[in-house]
Amino acid sequence: MKTDRSNPTVLSERGARRVRLAIVFTAVALVLGAALLIKETAYVFTAFMFLGPTLLFAAIVLLGWTILEELREKRVL
Amino acid sequence: MKPRLAWALGLLAAASVLADPSEFGVPQPRGWIGTTEDWIQGVGLGFAALNLVLLVWIWRHLRSGGVSTNSKALLFGAILVLPVIVVFLATAHGMQEAMTVHSCGDCHVMESHVADLKDAKSDSLAAVHYKNRYIQTNHCYECHSDYGMTGTIAGKLVGLRHAYYNITDSYPKPIKINHPYPNSRCLTCHAGAANFLAKHEKEQVDKLMAGTDSCIDCHGPAHKADEHEAAPPKQAAR
């Protein structure tokens, strides 16, 4: 991942896109979780059990990927 | 300290608001603050709301050009820590709620079974167990899943198949149990009970234990559901 040397906190375009995608995945998982917590129905439960953990796992992988790239860029790893 | 106190009070208030009143109007014990289930629901919703606010905040920061060290820490918390807690709590809540009679009665096909279960005039085995409170909660689940962890997993997989049948309106009519009802589900509660031993000969008990005789043969029918009401909407329309 490319970082701006003058401002190391600026993410590259690809890194920012991955983080945005991770945020969207997490938000969808959270909305499904909240819907299940508010009112459990067979459909919400089924949708949550399939999508919730899967989306969250994908979000964590995307975040981990971004962190690893940043660490490699900074030659920490 | 004050924000922490406010946070704790907020959680307490949310849990007490979500706490169900006693089903039969029985007064709650002194200092009642809800069940574990109520707290799972309240804390889960609180964390989910907090998490969504954090995600919106981070999203706006990303759009405005970058992430600071602080927002990186928040990003870690908002994508890894809080959501894992929310997903865990929601799963626990969903697993528990999926066992309730209300959840089983969600599907059209089960409406008449649940109506019979709750009918005080019905003498079906399910209704007798329900009105006499032989089973305290989760009446459908207690009799239609095997005991132990594997029973729970198998019950959830069967539930998934039922959801598929209901969505596609492809369940067979009339509804029939998928396999012979195992005596072990009855005997887990009844075997060893004084009135069970008094009313069943030793030889009969042995046959029930071995599965050569079925409890339902003498104590059925299990349900007196209206099969016409149980017809899938598409079949009923034909």
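Residues numbered from 1 in each chain as written. Chains lettered and ligands numbered in written order. Predicted model: local features only at pLDDT ≥ 70, side-chain atom pairs only at ≥ 80, totals over all residues. Heavy atoms only, no water.

**Remarks on the pattern of salt bridges**
All chains considered together, the criterion is met by six salt bridges over all chains. Where Lys74(A) meets Glu70(A), a salt bridge forms, and the shortest distance between an N and an O atom there is 3.0 Å. Overall, Lys74(A) belongs to the partly exposed group, its relative accessible area being 38%. The partner of Asp206(B) in a salt bridge is Lys202(B), and the shortest N-O contact between them spans 3.0 Å. Placement of both Asp206(B) and Lys202(B) in helix H11 (residues 202-210) is noted, with a separation of four residues, approximately one turn of the helix. (Salt bridge = Lys/Arg side-chain N within 4 Å of Asp/Glu carboxyl O. Buried < 20%, exposed > 50% of the residue type's maximum accessible area, 1.4 Å probe, protein only. Helix = DSSP H or I, 4+ residues; strand = E, 2+ residues; numbered from the N terminus.)

**Quick look at the confidence of the model for chain A**
Close reading of the predicted structure is inappropriate where its pLDDT is low. On average, chain A scores 86 in pLDDT, and the residues at 70 or more come to 87%. Confidence drops under pLDDT 50 across residues 1-6 of chain A; counting only partners more than four residues distant or on other chains, this segment forms 17 contacts. (pLDDT = per-residue confidence, 0-100. Contact = heavy atoms within 4.5 Å.)

**Re the packing of helix H1 (residues 13-38) of chain A against helix H3 (residues 69-97) of chain B**
The N-to-C vectors of H1(A) and H3(B) enclose an angle of 25°; their axes lie 9 Å apart at closest approach. The angle between the axes of H1(A) and H3(B) places the two elements in the roughly parallel class. In this structure, the crossing between H1(A) and H3(B) has a hand that is left-handed. Here H1(A) contributes Val19(A), Ala22(A), Ile23(A), Thr26(A), Leu30(A), Gly33(A), Leu36(A) and Leu37(A) to the contact with H3(B), which in turn contributes Leu75(B), Ala78(B), Ile79(B), Pro83(B), Val86(B), Leu89(B), Ala90(B), His93(B) and Gly94(B). Along the lines of polarity and charge, the residues of the contact of H1(A) with H3(B) split into 13 nonpolar, four polar and no charged. (Axes fitted to C-alpha atoms, helices over the stretch in contact; angles between N-to-C directions. Parallel < 35°, antiparallel > 145°, perpendicular 65-115°, else oblique. Left-handed = near helix turned anticlockwise from the far one by under 90°. Nonpolar A, V, L, I, M, F, W, Y, C, P; charged D, E, K, R; others polar.)

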